[in-house]
Amino acid sequence: MQCLVVPVNDLAGGYDYPAEVRFEIAEQDLPSYLRAADFLNITDVDVVCVEHEFGIFGGPAGSHVLALLRELRMPIVTTLHTVLREPNPEQRRAMRELIPPFDAAGGDERAGPGVLREVYQAPESKLISSRTAFRTCRSRTRTISKDEFDVAGKQVLLTFGLLSPNKGIEFALRALPGIIREFPNVVYIVLARRIRICCARRARLTA
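Residues numbered from 1 in each chain as written. Predicted model: local features only at pLDDT ≥ 70, side-chain atom pairs only at ≥ 80, totals over all residues. Heavy atoms only, no water.

(A) Quick look at helix 2 (residues 64–71). Buried residues dominate helix 2, accounting for 6 of its 8 residues. Within helix 2, burial applies to His64, Val65, Leu66, Ala67, Leu68 and Leu69. (Buried < 20%, exposed > 50% of the residue type's maximum accessible area, 1.4 Å probe, protein only. Helix = DSSP H or I, 4+ residues; strand = E, 2+ residues; numbered from the N terminus.)

This is the structure:
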């Protein structure tokens, strides 16, 4: 099995990507999503895996990605990182339009599937409960990890994951002055990365 990646860029010049990246989408450029769909349709892709988060894709509530999904001619599996119980009208509309194109969706087992059924009327046949996955890695000491971020000897507060307007990071930033007055050794780190669309295809053997 081979996998290629289609990232969504928030910078005009893009990023320094590895070889797995075969096509790039400009976040706010709707035609770029359509060109990505054309690329995937002619690239012998077997399945498309979409990592979905509000605020990552362009358009109201990230709705530009819908243009891509409607044009794809292969199965689509979507991981929904944020499933809102009380969406605003644009978020509700985007999520309800997101549901028909995909063949399966996974989300936080504590809330995702139930909310998708009750709030967005998603059919049971498309929903998969999933636990958050953690990558297995070698154990490292705290000192070595802190040295990499130049925070050795500090008390570190860490936020990690995908960024979007509803993560509440602004509340932590507003609280920091008061925290630092009482605990001057505190450092707050926001660690995140861009979203991507992964596409898998079977390896073809050649003579």
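(B) Region of the structure containing the nonpolar core. Counting 35 residues, the largest nonpolar core has Leu40, Leu68, Leu69, Leu72, Leu116 and Tyr120 as the members making the most contacts within it. Those elements that provide at least two residues to this core are strand 1 (2–9), helix 1 (30–41), strand 3 (47–52), helix 2, strand 4 (76–80), helix 3 (89–98) and helix 4 (112–120). Here this core gets 5 residues from one element, more than from any other, and that element is helix 1. (Core = buried A, V, L, I, M, F, W, Y, C linked by side-chain atoms within 4.5 Å.)

(C) Region of the structure containing unusual backbone geometry. Phi at aspartate 44 is positive, roughly 60 degrees, even though this residue is not glycine. Tracing the backbone shows aspartate 44 in the loop between helix 1 and strand 3. Look at aspartate 44 and you get partly exposed, because its relative accessible area is 43%. A positive phi angle, close to 55 degrees, is found at alanine 61, a residue other than glycine. Inspection of the secondary structure assignment puts alanine 61 in the loop between strand 3 and helix 2.

(D) Structural view of the pattern of salt bridges. Taken as a whole, this structure holds 2 salt bridges when the rule is applied. In this structure, aspartate 29 and arginine 35 form a salt bridge, with 3.1 Å as the shortest nitrogen-oxygen distance. By relative accessible area, aspartate 29 is classed as partly exposed at 29%. Note on arginine 35: relative accessible area 43%, which makes it partly exposed. As a salt-bridge pair, glutamate 97 and arginine 70 come within 2.8 Å of each other at their nearest N and O atoms. You can see glutamate 97 sitting in helix 3 and its partner arginine 70 sitting in helix 2, a full 27 residues away along the chain. With relative accessibility at 33%, the residue glutamate 97 sits in the partly exposed group. You can call arginine 70 exposed: its relative accessible area is 51%. (Salt bridge = Lys/Arg side-chain N within 4 Å of Asp/Glu carboxyl O.)

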